[in-house]
Amino acid sequence: MKTILLVVACLPALAFGLAVRPCANNAPIPQDVRVVGCTVEPCVIPIGGMVDMDCDFVSPRATQTVQATLDIFLGDFRVPYDLPAAQQNACNFFEAGSCPVTQGEFINYHLNTPAAAPFAGITVDLQLQLTDDNGEPLFCFRSSAQIVAV
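First, a word on scope: everything that follows refers to the structure included in this document. (Residues numbered from 1 in each chain as written. Predicted model: local features only at pLDDT ≥ 70, side-chain atom pairs only at ≥ 80, totals over all residues. Heavy atoms only, no water.)

All right, on to the pairing of strand β9 (residues 122-131) then. Most of β9 sits inside the fold, with nine of its 10 residues counted as buried. When β9 meets strand β10 (residues 137-148), the two strands line up antiparallel, connected through 10 bridges. In the sheet register, Gln 129 faces β10, and the bridge partner there is Cys 140. Joining the antiparallel neighbours β9 and β10 is a turn of five residues, in which Gly 135 adopts a positive phi near 80°. (Buried < 20%, exposed > 50% of the residue type's maximum accessible area, 1.4 Å probe, protein only. Helix = DSSP H or I, 4+ residues; strand = E, 2+ residues; numbered from the N terminus. Pairing = 2+ DSSP bridges.)

Encoded structure:
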């Protein structure tokens with residue numbers, strides 16, 4: 001189950017210029033979200049493949065650290081899941097920009113993770129959020145992904 005959730009964790013931005021949805025908390029959404037092999041929702045993700053995602057954003061404020069969270073939903077049910085510790089520190093995945101982050105800094109957040117899951121044929125809704133030192137969102141977005149067999 002953790003494997004499917006990790007796969008799903010990267011799915012929110014699975015498209016080259018994917019149009020993503022805002023979160024209920026009215027946080028800013030990234031300027032651009034790209035996922036290799038996906039241009040529209042739901043992104044189709046084969047079990048065992050790699051999810052390669054980039055998010056471009058401009059930081060609305062300065063922060064020493066940046067935390068990443070991924071929430072996965074099956075309908076209205078939130079699937080219990082936490083990103084692995086190394087992936088929770090979003091600073092480890094900045095391709096452009098660095099921590100500490102300055103206000104107005106352009107950041108490219110990159111995540112590449114295996115899409116492994118115990119079963120296929122489900123569509124999930126994903127919410128990816130990066131937060132500052134105080135837990136306030138720097139960005140948040142939602143998208144959907146369909147997990148398929150290879």
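Moving on: the state of the cysteines. Throughout the structure, instances matching the rule amount to three disulfides. Bridging Cys 23 to Cys 140, the disulfide has an S-S length of 2.0 Å. Linking Cys 23 and Cys 140, the disulfide has an S-S dihedral of approximately -85° and is accordingly described as left-handed. Note that Cys 23 is positioned in the loop between β1 (21-22) and β2 (32-35) and Cys 140 in strand β10, a separation of 117 residues in sequence. For Cys 23, a relative accessible area of 4% gives the class buried. Judged by its relative accessible area of 0%, Cys 140 is buried. Each disulfide pairs two cysteine sulfurs, and for Cys 38 the partner residue is Cys 43, the sulfurs being separated by 2.0 Å. Across the S-S bond linking Cys 38 and Cys 43, the dihedral sits near -85°, which makes this disulfide left-handed. Neither residue differs from the other here; Cys 38 and Cys 43 are each classed as buried. The disulfide pattern of the chain is 1-6, 2-3, 4-5 when the bonded cysteines are numbered in sequence order. (Disulfide = S-S within 2.5 Å.)

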